[in-house]
Amino acid sequence: MDAGLTELLRHGNRTQALERMVDLYGSKVLGMATGMLRDRGRAEEVTQDIFLKLWQVLPAYDGRASPSTWLYTIARNTCLSALRSQNLRKTLPLADSPEPGIRQTVTGDLTVDQPLRQLPETQREGITLFYLQAQNIEEVAQQLDPPGGKVKSHLHRARRTLGAIMKE
């Protein structure tokens, strides 16, 4: 944690606090957005939205969470909102739609992104935050807020499910 950043936030120096957060966490937030949205251009737009929201709520920072955890929570929620919005607008031509009841098979090289898409949302987010964003269990727990703090069990189930998917 950056002690200088915490002091800037406590003393209400919004401009310097935002600049410091962009410097410290900008690339990580962009990486998180890219991983969640799977589109670099859209992730850049959403990252700008994230830091705009951060600017708007900086005066409300109360110090209960570390600045990075607070920022990642804002980032995660903004990305989820963007995904929901994107999914509402997504349409396919009828000719390109798969036949109902026919399972599509994956051909070619399998990437990490493909098996992750098959996980339930909570498990996918846990894997992304813990392994791809290198956050510790406590940070993941603060962001996901699972009932009863079940981060480790979500990660265990996700690893087991990914193993089964990779064997297919």
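Up top is the structure.
Throughout what follows, the structure given in this document is the object of discussion. (Residues numbered from 1 in each chain as written. Predicted model: local features only at pLDDT ≥ 70, side-chain atom pairs only at ≥ 80, totals over all residues. Heavy atoms only, no water.)

Notes on the environment of Ala17
Rules: A run of H or I in DSSP counts as a helix once it spans at least four residues, and a run of E counts as a strand once it spans at least two, with each numbered from the N terminus. Two residues form a contact once any of their heavy atoms are found within 4.5 Å.
Within the secondary structure, Ala17 sits in helix H2 (residues 14-37). Taking the C-alpha atoms as reference, Ala17 lies 9.9 Å from Pro67; in sequence the two are 50 residues apart. Those residues in contact with Ala17 that lie beyond four places of it in its chain are Leu5, Leu8 and Leu9.

Description of the pattern of salt bridges
Note that side chains of opposite charge can pair when their charged atoms are close. Just so we agree on the cut-off: Note on definitions: salt bridges are taken to be side-chain nitrogens of Lys or Arg within 4 Å of carboxyl oxygens of Asp or Glu. Only protein chains enter the accessibility calculation, which uses a 1.4 Å probe; a residue whose area is less than 20% of its type maximum is buried, one above 50% is exposed, and one in between is partly exposed.
According to the stated counting rule, one finds 4 salt bridges in the structure shown. With a shortest N-O distance of 2.7 Å, Glu125 and Arg76 are connected by a salt bridge. Within this pair, whereas Glu125 is found in helix H6 (residues 121-132), its partner Arg76 is found in helix H4 (residues 67-89), the two being separated by 49 residues in sequence. Overall, Arg76 belongs to the buried group, its relative accessible area being 12%.

Describing the packing of H6 against helix H8 (residues 151-167)
Counted only if it meets this: Axis lines are fitted through C-alpha atoms, for helices just across the contact stretch, and the angle between N-to-C directions can take any value from 0 to 180 degrees. We call two directions roughly parallel when the angle between them is under 35 degrees, roughly antiparallel when it is over 145, roughly perpendicular when it lies between 65 and 115, and oblique otherwise. Gly counts as polar in this scheme, as do all residues outside two lists: the nonpolar Ala, Val, Leu, Ile, Met, Phe, Trp, Tyr, Cys and Pro, and the charged Asp, Glu, Lys and Arg.
At a minimum axis separation of 9 Å, H6 and H8 run at an interaxial angle of 100 degrees. The orientation of H6 with respect to H8, classified from their angle, is roughly perpendicular. For the pair formed by H6 and H8, the contact residues are Thr122, Gln123, Gly126, Ile127, Phe130 and Tyr131 on the first element and His154, Leu155, Arg157, Ala158, Arg159, Thr161 and Leu162 on the second. Among the residues forming the contact of H6 with H8, the class breakdown is 6 nonpolar, 5 polar and 2 charged.

Quick notes on the packing of H2 against helix H3 (residues 40-57)
Axes are the key here: two packed helices are described by the angle between their axes and the distance separating the axes. Where we set the bar: With the far helix as reference, a near helix turned anticlockwise by less than a right angle produces a left-handed crossing, and one turned clockwise produces a right-handed crossing.
At their nearest, the axes of H2 and H3 sit 9 Å apart, and the two run at 145 degrees to each other. Judged by the sense of rotation from one axis to the other, the crossing of H2 with H3 is right-handed. Mapping the contact onto sequence places Arg14, Thr15, Leu18, Met21, Val22, Tyr25, Gly26, Val29, Leu30, Ala33, Thr34 and Leu37 in H2 and Arg40, Arg42, Ala43, Glu44, Val46, Thr47, Ile50, Phe51, Leu54 and Trp55 in H3. Across the contact of H2 with H3, the residue classes break down as 14 nonpolar, 4 polar and 4 charged.

Things to note about unusual backbone geometry
A positive phi angle, near 60 degrees, is found at Arg38, a position not held by glycine. In this structure Arg38 comes out as partly exposed when scored by relative accessible area, which is 35%.

Digging into H3
Formally: Residue count minus one, scaled by 1.5 Å, sets the expected span of a helix. Any pair of nitrogen or oxygen atoms within 3.5 Å is treated as a polar contact; in protein, a donor-acceptor pairing is required on top of that, and neighbouring residues in sequence qualify only through side-chain atoms on both sides.
For H3, spanning 18 residues, the distance from its first C-alpha to its last is 25 Å, which sits close to the expected 26 Å at 1.5 Å a residue. The opening residue of H3, the one whose side-chain oxygen lies 3.2 Å from the backbone nitrogen of Gly41, is Asp39.

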